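# Coordinate inspection notes
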Amino acid sequence: MSKLGQVVEAVEKYNGFVLNQVKRARSDEKFGRELSDRWTEIKSKTPVTHTPTGLPLPRLALPEIDEPGEIARYLFGEGLPGEFPFLNGAYREMYLEPVREIETGSYGKKTSGDGAKEKASGNGVQPLEEPTRLFSGLMLAEDTNERFHYLTQHQRTHRLSTAFDGPTLYGIDSDADGVFGKIGEGGVAIDTVEDMVRLYDGFDLGSLNFSASMTISGPAPIIMAMYIAAAKRRFGPKVVPKLRGTIQADIFKEVQAQNETIFPIEASLRFLTDMVEFTTREMPRWYPISISGYHIGEAGSTPVQQAAYTLSNGFAYAEMFSARGIPVDQFGPRLSFFLDCGLDAEYIALARVSRRIWAVGMRDAFGAGPRGQLFKLHTQTSGRSLIAAEFKNNLTRTAAELMLAYMNATNSCHSNSADEPFTTPSEEWIRLAAHGQAILLEESGIFKHTMNMLSGSPGMKAVERAVEVAILDEFREIERLGGVLAAVEDRYQRSQIQSAAHRYEQQIYEGTRPIIGLNRYRNGSDDIPEVKLARTPRKKQQLQVDRLAKFKKKNAGKAKRALDRLAGVVDRGENCFPTLLEAVEVCSLGQITGRLQEVVGRFRPMV
C-alpha cells in the first residue's frame, strides 16, 4: 500500500475515532463533564467586541450546544480555529480587526491569519497582514514593476504574485526562433538575473512585510535561482534566509492539466526535490512548492476532482521528499496549496474538507508535527467563470466567489478582473478587483469582528460530508492504479479532467448550467464590447532581445564554463541547485534549459 492508501485508512480511522469520542462523552460521565467544563471555559474566555453600531459580538462564534456528545463531535471532528483537524481554519484568528477593547476573556491574543503575533498595548496594536495577494505580469520587467508599485500603493503588506510570458514558462529565451511576437504577452518576459533585478526594483525583498509568489513550474528551479541571485545582488548574501514567498514548481499538475513541462517527469521531479532540499535548509520563510489545483480546475475538472488531485499530488510530493531524506517536519511546514473558487455548491466547503484531510494524513501517515499538518491555502477566484458576454457581470461572480473563499478561511486570496476574458487586465479593472476584497474584509462586518461567522450551517455540513466521501473515492481509484505517478503515466487524471470539461460545456450548451448573460437573460446582442487590449509594443520586444544579446556577449566565456559544471553535477546525480545558483549569474534561462535538456532529455507527452 502506498502512502495515499494509508491516508485513506487514516481518515476513515479518524472518523471512527470521532464517533467513539461522541459515544464516550455520552456514556462516560467523567469524560463528558471534562468536555463540558472545557467548553464552558472556551466560551467564557472568548472576548466580546463591538460593531460600529454598538452590537456586542463574540470574537469566536461557537455553536449553541451543551450536550457532551455534540461538544465532542465539534472539538474532535472540526476543532477550534488553529486546532487539529483545522476544519475551521489553520490559525486561531484570521481577517479579524486587532483587539482594541476587550470586555471579557483573552481569546484572540495569540496568532493572526498568517501566524504573525498580534499585540495589544492600550489602544495601539500591530496591524495584521492583509490576506489580499496582488497578481500581475505584463510586457518587460520594468513594466510589471511599475504595475506592482501601482497595486501596492495602498497596501500595508506587499504580497505580489507574478505571471510570466509564454517563452519564460517554457524555459525559452526571447531571442529564440519564432517567439518574438510572444515576448511580454500574457505575462512578463524574464531571460536573465538582470531582468529579475528590474522586476522587483524598489521592494525590500528581505522585509517581513514583503513576499513574492512566482507562477511558474517547468523551469521553476532556474527562476528560483535567479530570484535568489537578484536578491543577493541588491541586499547581499545575508538576505537569503529572510526571503519570503513561494514558487509554484508543481510538475504533477503541469502533466495533468497545463502542459508547461520541459523535462521528462523523473528529471523534473529530481530538479524540484533538489530545490526543496536547498530551500528547506537555507530559507526557512520560503515555500518552495505551491501544490496547485487552480489549473486543474481551470482545465475543466469538477471541484472534487480538483481537491482530490491536488491533495493526492501533495501526498506524493511528501512521499518523494521523505525518500530523499528530508525530515517531514522540515519540508511539511514549507508546503503550500493553491485552489480556485467557483460558484458550484462544493466550494461552500471544499477548502475546509481539504484542510482536514491533509491534517489527518500528514499526522497519521507521515508522522508530521502540528506545523507540518497545516494546509496553508491561497485561493484565486475562478477564471473559467468569467464570461465575455455582458462581462461586467463578472464583478458579481467574483464577489460571490470571494465570499466563498473567505468562508473557507483561505490564508490569502487573489480576485480576478472582469475584463480578463479579453486581455491582460487594465488598471481600472484590477483596481475594482482589489477593492472587491477590501469591501468584503474592511468595509463589511462579515469577517472582521468574529471568527466562524458563516461556518457550520446544516447545508455546509452536508456538503462537507459529501465532498469528503467523493475525495476519498478518488484516492482509492488512484491507489488502485498504483499511486499518483502511475496514474499520471496512465493519463488517468488528464482523461477525467477532459471528461468533466466536456460535461461542463455540454451543460452550458443545453442550458442545464445557467450562465447569466450567456444562455439565460441575454439582452439579445452579440456585440463584443470595446475593450482596450494590452499588447507589448515591438520596440519593447526588441529591447528585450537586445538586452539579452548584450548579457550573453558579456558572459560568453563564463557561461560555457558554468554550463559545463552544471551538466557535470547533473550527470553525477548530485544536488544541482547550488551549481544552478552560480550558473544564473552568467547564463540565460534558455541557455540553462537547453543544456539541461541535452543531459536529461525533453518532455514527451504520454499517449
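Scroll up to find the structure.
The structure contained in this document is the topic of the report that follows. Remember, predicted model here, so these are calculated numbers, not experimental data.

## Focus: helix H19 (residues 538-554)
- Here H19 is 17 residues long and its end C-alpha atoms lie 24 Å apart, about the 24 Å a rise of 1.5 Å per residue gives.
- Listing the buried residues of H19 in full gives Gln541, Gln544, Val545, Leu548 and Phe551. The buried residues of H19 occupy an angular sector of 125 degrees when the element is viewed end-on, so they sit on one face. Exposed and oriented more than 90 degrees from the buried face of H19 are Arg538, Lys539, Lys550, Lys553 and Lys554.

## Regarding the sheet that holds strand E9 (residues 286-287)
- Sheet architecture is open: 5 strands sit in the order E5-E6-E7-E8-E9, paired in parallel fashion. Only two strands of the sheet have a single neighbouring strand rather than two, namely strand E5 (134-136) and E9.
- Lying on the sheet, helix H4 (residues 141-151) is in contact with E5 and strand E6 (158-163); it crosses E5 at an angle near 160 degrees.

## Points about the pairing of strand E11 (residues 335-341)
- Within E11, 7 of the 7 residues are buried, leaving the element largely enclosed by the surrounding structure.
- Looking at chain direction, E11 and strand E12 (residues 377-381) are connected through 5 bridges and run parallel. By the bridge assignment, Asp340 is partnered in E12 with Gln380.
- Each parallel crossover has a hand, and for E11 linked through helix H13 (residues 350-364) to E12 it is right-handed.

## A word on the environment of Leu454
- Looking at where Leu454 falls in the secondary structure, it is placed in the loop between helix H15 (427-443) and helix H16 (458-480).
- Counting along the chain gives 57 residues from Leu454 to Gly511, while the straight-line C-alpha distance between them is 31 Å.

## Considering helix H20 (residues 556-571)
- The end-to-end C-alpha distance of H20 is 23 Å, a good match for the 22 Å that 16 residues give at a rise of 1.5 Å each.
- The secondary structure elements touched by the buried residues of H20 are helix H9 (265-282), helix H21 (577-583) and helix H22 (589-600).
- Where H20 terminates, the next one or two residues include Gly573, which has phi positive at roughly 80 degrees.

## What about the packing of helix H11 (residues 303-324) against H16?
- At a minimum axis distance of 9 Å, the contact between H11 and H16 shows a crossing angle of 55 degrees. Classified by the angle their axes make, H11 and H16 are oblique. Crossing angle aside, the handedness with which H11 passes H16 is right-handed. When H11 is examined against H16, the residues Val304, Gln305, Ala307, Ala308, Tyr309, Leu311, Ser312 and Phe315 are found in contact with a partner set consisting of Val467, Ala470, Ile471, Glu474, Phe475 and Ile478.
- Split by residue class, the contact of H11 with H16 holds 11 nonpolar, 2 polar and 1 charged.

## Examining the pattern of salt bridges
- Going through the model one piece at a time under the given rule, you end up with 37 salt bridges.
- For Arg24, the salt bridge is made with Asp28, and the minimal N-O distance between the two is 3.8 Å.
- Arg24 gets classed as partly exposed once you look at its relative accessible area, which sits at 39%.
- A salt bridge links Lys540 to Asp143, with the shortest nitrogen-to-oxygen separation between them at 3.0 Å.

## Considerations on the nonpolar core
- Counting 155 residues, the largest nonpolar core has Tyr227 and Phe475 as its most contacted members.
- Those residues in contact with Phe475 that lie beyond four places of it in its chain are Leu4, Val7, Val8, Ala308, Leu311, Ser312, Phe315 and Ile357.

## So, the environment of Phe164
- Mapping Phe164 onto the fold places it in the loop between E6 and helix H5 (166-169).
- A sequence separation of 23 residues divides Phe164 from Ala141, and the C-alpha atoms of the two residues are 9.9 Å apart.
- Here Phe164 is in contact with Leu169, Gly186, Gly187, Val188, Ile190, Met214, Thr215, Ile216 and Ile223, once residues within four sequence places are set aside.

What counts and what doesn't
- Residues numbered from 1 in each chain as written.
- Predicted model: local features only at pLDDT ≥ 70, side-chain atom pairs only at ≥ 80, totals over all residues.
- Heavy atoms only, no water.
- Helix = DSSP H or I, 4+ residues; strand = E, 2+ residues; numbered from the N terminus.
- Expected span 1.5 Å × (residues − 1).
- Buried < 20%, exposed > 50% of the residue type's maximum accessible area, 1.4 Å probe, protein only.
- Arc of directions from axis to C-beta.
- Pairing = 2+ DSSP bridges.
- Contact = heavy atoms within 4.5 Å.
- Axes fitted to C-alpha atoms, helices over the stretch in contact; angles between N-to-C directions.
- Right-handed = clockwise from strand over helix to strand, strands pointing away.
- Parallel < 35°, antiparallel > 145°, perpendicular 65-115°, else oblique.
- Left-handed = near helix turned anticlockwise from the far one by under 90°.
- Nonpolar A, V, L, I, M, F, W, Y, C, P; charged D, E, K, R; others polar.
- Salt bridge = Lys/Arg side-chain N within 4 Å of Asp/Glu carboxyl O.
- Core = buried A, V, L, I, M, F, W, Y, C linked by side-chain atoms within 4.5 Å.

By themselves, these observations are geometric and do not establish any function.
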